Amino acid sequence: MKHYIIAKFKDGCDKAAFVQPVRELFEETLAIPGIHAVTVKPCAIDRPNRYDLMIVIDMDREALAAYDVSSPHKKWKAEYGDLLLAKAIFDSEE
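A. Local environment of the sheet that holds strand β1 (residues 2-9). The strand order β2-β3-β1-β4 describes an open sheet built from four strands, whose pairing is antiparallel. Since the sheet does not close on itself, it has two edges, and those belong to β2 (35-42) and β4 (84-92), each with one partner. Direction aside, neighbouring strands of the sheet carry axes that sit 15° apart on average. Bridge analysis of β2 against strand β3 (residues 53-59) gives seven bridges, and the strand direction is antiparallel.

B. Fine view of the side chain of S70. Take S70: it is sitting in the loop between α2 (64-68) and α3 (71-80). Engagement of the side chain of S70 in a polar contact is seen with the backbone oxygen of Y67, the distance being 2.8 Å.

C. Representation of the nonpolar core. If you look at the biggest cluster of nonpolar residues, it comprises 23 residues, and the most contacted ones within it are V22, F26, I35, I55, I57, Y67 and W76. Secondary-structure elements contributing two or more residues to this core are β1, α1 (15-27), β2, β3 and α3. Counting residues per element, this core draws most heavily on α1, at five residues. Not counting the four nearest positions on each side in its chain, I55 is found in contact with H3, Y4, I5, V22, F26, T39, V40 and W76.

D. Inspection of the packing of α1 against α3 at higher detail. Closest axis-to-axis distance for the α1/α3 pair is 9 Å, and the angle between their directions is 155°. One way to sum up the angle between α1 and α3 is to call them roughly antiparallel. Contact residues: F18, P21, V22, L25 and F26 in α1; P72, K75, W76 and Y80 in α3. Looking at side-chain class alone, the contact of α1 with α3 contains eight nonpolar, no polar and one charged residues.

Conventions adopted
Residues numbered from 1 in each chain as written. Predicted model: local features only at pLDDT ≥ 70, side-chain atom pairs only at ≥ 80, totals over all residues. Heavy atoms only, no water. Pairing = 2+ DSSP bridges. Helix = DSSP H or I, 4+ residues; strand = E, 2+ residues; numbered from the N terminus. Axes fitted to C-alpha atoms, helices over the stretch in contact; angles between N-to-C directions. Polar contact = N/O pair within 3.5 Å; in protein donor to acceptor, adjacent residues only side chain to side chain. Core = buried A, V, L, I, M, F, W, Y, C linked by side-chain atoms within 4.5 Å. Buried < 20%, exposed > 50% of the residue type's maximum accessible area, 1.4 Å probe, protein only. Contact = heavy atoms within 4.5 Å. Parallel < 35°, antiparallel > 145°, perpendicular 65-115°, else oblique. Nonpolar A, V, L, I, M, F, W, Y, C, P; charged D, E, K, R; others polar.

Quick look at the structure:
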């Protein structure tokens, strides 16, 4: 399945500066059995009604529980949670 995290940063955040550190953080999830790939994409259009960053994790459905308690997931929430204005989570079979 694909696990999508779509994030909008608060005004004043240097959105471009977050892309590489977030990519490196989520690449750590590749050590979790059942996680196959990670993609981090910044939004191509800078408009107030757009989200800023999309993270896509290709994983087995069974890997979601391990991801939820993983160090990278906890670090994402701890380090970036207060910087987010909004976040959407979406899971799809493909």
